[in-house]
Amino acid sequence: MKDITILGIESSCDETAAAVVRNGREVLSNIISSQIDIHTVYGGVVPEIASRLHCENINGVIRLALSEAGMTFDDIDAIAVTSGPGLVGALLIGVSEAKALSYALQKPLIGVNHIRGHVAANYISHKELEPPFVCLIVSGGHTHLTIVKDHRDFMIIGKSLDDAAGECYDKVARAVGLGYPGGPKVDRASKGGDPYAITFPKGEVKDRPYDFTFSGLKSAVLNYINKANMQGAMINVPDLCASFQNAVVEPLVERTMKCAKAYGIKNVALAGGVSANSALRAAMKKACDENGFNCYYPEPVFCTDNAAMIAAAGYYDFLAGCTADTSLNADPSLKL
Ligand code: KG4
Ligand code: ZN
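Residues numbered from 1 in each chain as written. Chains lettered and ligands numbered in written order. Predicted model: local features only at pLDDT ≥ 70, side-chain atom pairs only at ≥ 80, totals over all residues. Heavy atoms only, no water.

### Thoughts on the pattern of salt bridges
Put simply, the test is: Salt bridges are counted wherever a side-chain nitrogen of Lys or Arg sits within 4 Å of a carboxyl oxygen of Asp or Glu.
In this structure the tally under the stated criterion is 16 salt bridges. Connected via shared salt-bridge partners are E204, E254, R255 and K258.

### A look at the packing of helix α5 (residues 165-175) against helix α7 (residues 215-231)
The description of two packed helices rests on the angle between their axes and on the distance between the axes. The condition that has to hold: Throughout, an axis means a line fitted to C-alpha atoms (over the contacting stretch in the case of helices), and angles, computed between N-to-C directions, take values from 0 to 180 degrees. What counts as a helix is a DSSP run of H or I of at least four residues, what counts as a strand is a run of E of at least two, and both are numbered from the N terminus. Each angle receives one of four descriptions, namely roughly parallel if under 35 degrees, roughly antiparallel if over 145, roughly perpendicular if within 65 to 115, and oblique otherwise. Any two residues having at least one pair of non-hydrogen atoms within 4.5 Å are treated as being in contact. Under this grouping Gly is polar, as are all residues other than the nonpolar Ala, Val, Leu, Ile, Met, Phe, Trp, Tyr, Cys and Pro and the charged Asp, Glu, Lys and Arg.
Two elements in contact, α5 and α7, have axes whose closest approach is 10 Å; the angle formed by their N-to-C orientations is 5 degrees. Here α5 is positioned roughly parallel relative to α7, judged by the angle of their axes. Two secondary-structure elements touch here, α5 through C168, K171, V172 and A175 and α7 through K218, V221, L222 and I225. Residues that form the contact of α5 with α7 fall into these classes: six nonpolar, no polar and two charged.

### Some thoughts on the site of ligand 1
The line we're drawing: We call a residue near a molecule or strand as soon as one heavy atom of that residue lies within 4 Å of the molecule or strand. Under this definition, polar contacts are N or O atom pairs within 3.5 Å; protein pairs additionally need one hydrogen-donor-capable and one acceptor-capable atom, and for neighbouring residues in sequence, both atoms have to be side-chain atoms. Values of accessible area rely on a 1.4 Å probe in the Shrake-Rupley scheme; residue burial ignores everything except the protein chains shown.
The environment of ligand 1 is formed by 18 residues, the closest being H118, G140, D170, G183 and G273. Interatomic distance of 2.8 Å between a side-chain N/O atom of H118 and an oxygen atom of ligand 1. Between ligand 1 and the protein, one listed contact pairs an oxygen atom with a backbone N or O atom of G141 at 3.5 Å. Contact with the protein chains covers 87% of the free accessible surface of ligand 1, which is 550 Å². Going through the elements one at a time, α4 (114-125), α5 and α6 (182-189) are the ones with two or more residues in the shell around ligand 1.

### With respect to helix α8 (residues 237-263)
As a reminder, the rule being used: Residue count minus one, scaled by 1.5 Å, sets the expected span of a helix. Burial classes: relative accessible area under 20% of the type maximum marks a residue as buried, over 50% as exposed, and values in between as partly exposed (1.4 Å probe, protein chains only).
For α8, with 27 residues, the first-to-last C-alpha span of 39 Å sits near the 39 Å given by 1.5 Å per residue. Counting buried residues along α8, 19 of its 27 residues qualify, which places the element largely inside the surrounding structure. Between the side-chain oxygen at the start of α8 and the backbone nitrogen of D239 there is a gap of 3.0 Å, and the oxygen is on N236. Of the residues trailing α8, G264 is marked for its positive phi of about 60 degrees.

### A short note on the coordination of the zinc ion (ligand 2)
Put simply, the rule reads: Coordinating donors are taken as N, O and S atoms within 2.8 Å of the metal, stretched to 3.2 Å for Na, K and Ca; because water is absent from the atoms, sites can appear incomplete. Think of it this way: with four donors and all angles in the 85 to 135 degree range, the site is tetrahedral; with four or six donors, opposite ones beyond 155 degrees and the rest between 65 and 115, it is square planar or octahedral; otherwise it is irregular.
Distances from the zinc ion (ligand 2) to its protein donors, H114 (NE2), H118 (NE2) and D305 (OD), fall at 2.0 Å. Around the zinc ion (ligand 2) sit six donor atoms, and with donor-metal-donor angles ranging over 54 to 166 degrees the site reads as irregular. Sequence positions of the residues that donate to the zinc ion (ligand 2) give the spacing H-x3-H-x186-D. In this pair, H114 and H118 are both assigned in helix α4, four residues apart and thus about one turn of the helix distant. Judged on exposure class, the residue H114 and its partner H118 are both buried.

### A look at the nonpolar core
Spelled out, the test is: We call a set of buried Ala, Val, Leu, Ile, Met, Phe, Trp, Tyr and Cys residues a nonpolar core when their side-chain atoms join them within 4.5 Å.
Core analysis: the largest hydrophobic core is formed by 45 residues, its most contacted members being F244, L280 and M284. Put simply, the parts of the chain that give this core at least two residues each are β6 (133-138), β7 (143-150), α5, α6, α7, α8, β9 (267-271) and α9 (278-291). Sequence-distant contacts of F244, defined by excluding residues within four places in its chain, comprise C168, Y169, V172, V186, F200, L217 and V221. Core analysis: the second largest hydrophobic core is formed by 35 residues, V21, A307, A311 and A312 among them.

### A short note on the sheet that holds strand β4 (residues 78-84)
Keep this limit in mind: Strands were regarded as paired on the criterion that DSSP finds at least two bridges between them.
If you trace the five strands from one edge of the open sheet to the other, you get β3-β2-β1-β4-β5, paired in mixed fashion. Across the chains shown, the open sheet's two edge strands, defined by having one partner strand only, are β3 (26-34) and β5 (109-113). Within the sheet, the average angular offset between the axes of one strand and its neighbour, ignoring direction, is 20 degrees. Sheet analysis places strand β2 (residues 15-22) next to β3, joined by eight bridges and oriented antiparallel. Each residue of the ladder has a partner; that of V21, found in β3, is V27. Packing against the sheet, helix α11 (residues 308-319) makes contact with β1 (5-10), β2, β3, β4 and β5, and its axis sits at approximately 115 degrees to β5.

### Re a nonpolar patch on the surface
Worth spelling out the cut-off: Patch membership requires more than 30% relative accessible area and the absence of a salt bridge. Residues of like charge join within 9 Å; the nonpolar side chains Val, Leu, Ile, Met, Phe, Trp and Tyr join within 5 Å.
On the surface, I38, V41 and Y42 cluster together to form a nonpolar patch covering roughly 330 Å² of accessible area. For Y42, the location among the structural elements is in the loop between α1 (36-40) and α2 (47-68).

### What to know about the domain arrangement of the protein
For clarity, the cut-off: Residue ranges assigned to each domain were obtained from an automatic or database domain assignment. Buried area is understood as the total, over both parts, of accessible area removed when two parts are fitted together, assessed with a 1.4 Å probe.
Here the domain parsing of the protein yields domain 1 (5-120 + 303-319) and domain 2 (131-298). On a C-alpha basis, the centres of domain 1 and domain 2 stand 27 Å from each other. Together, the buried faces of domain 1 and domain 2 total about 1500 Å²; carbon and sulfur atoms form 69% of this surface. Interface area lost by domain 1 to domain 2 is led by R116, V119 and C303, which between them contribute 39%. Between domain 1 and domain 2 we count five residue pairs in polar contact (both at pLDDT 80 or more) in total. Of all the secondary structure elements, the ones that give two or more residues to the side of domain 1 that touches domain 2 are α1, α4 and α11. At four residues, α4 tops the list of elements feeding residues into the side of domain 1 that touches domain 2.

### Looking at the sheet that holds strand β10 (residues 294-296)
Strand order in this open sheet of five strands is β8-β7-β6-β9-β10, and the pairing throughout is mixed. A single partner strand is all that each edge strand has here, and the edge strands are β8 (153-159) and β10. Going from strand to strand, the sheet's axes swing by 25 degrees on average, the running direction of each strand aside. Where β9 and β10 come together, three bridges link them in parallel fashion. By the bridge assignment, V268 is partnered in β10 with C295. Helix-sheet contacts for α9 involve β6, β9 and β10, and the interaxial angle to β9 is about 175 degrees.

Spelled out as structure tokens, the structure:
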């Protein structure tokens, strides 16, 4: 079969990214221009600033992705772009750019769901991985327990009924003074902490064995911090972070295992920014080993937002003939 080379573009939040990927799995280049330093000043992503920075950077990022791959636009078979979910103004920059390129170059355009992109990051890191597999998707905006029945066919088994796991990490990090972005900082601060030092609630949802809830945990951590501050008590940050992390990871792993057993699926994958978390990776691997399942997670650079995963997901849409036209629009609340 002829090689298919896809240019991926991602601009849904605070990374302007472009990548060239061959046959959905082989990354020829992966450029990520992070805006973290700028948003850090404000303690979180400022949508208007994100859009403006995407606008300034996107052409350069695409040019660099092509040159690092040793290619020109002539070598590209299709352009895949994140069309949602995400910040609407940020998404629009990538979508407009991709539409313009597709029109000017007369190459197919593919609109990619960002969450499906996260799942496809596993195809890059694990060349042998094929559906069906259970995939726990944990990002800043989403917590979904899914079965990937086929590359383009997802079944949602469970989800968070309130906050996403990543959002919870970010809020706790801010409250404890670690700043933005919270997840990696809590991950790092928890090293050396005792995960059983403080008992936090591990969100059970009555009669919904596969769903998650993190708002109670978030409130419990914030109350703990407020109480300590009012009493002038010292907070042991490593213990707090490790205990919080334990309360996030345990239900994630427990429900993922329950799902894999109930549906008789041997392959279990993680996806999304929180899948870079060292405690989650270790706990999921251990549980998989104990239950005789195979555990997959992307390399850290493909866990958080990048365009290689968008090109990887777009490859399967391309094979299915599922391309878009210039009416493609950004959809901030696009569903999985
Ligand atoms: O997937 P992602 O890059 O963007 C979205 O699509 O939302 O996920 C970002 C989220 C943030 O909440 C960030 O704090 C979290 O992933 N994150 C982590 C780690 N690295 C990123 N959370 C826990 N541990 C990490 N090492
Ligand atoms: Zn993401």
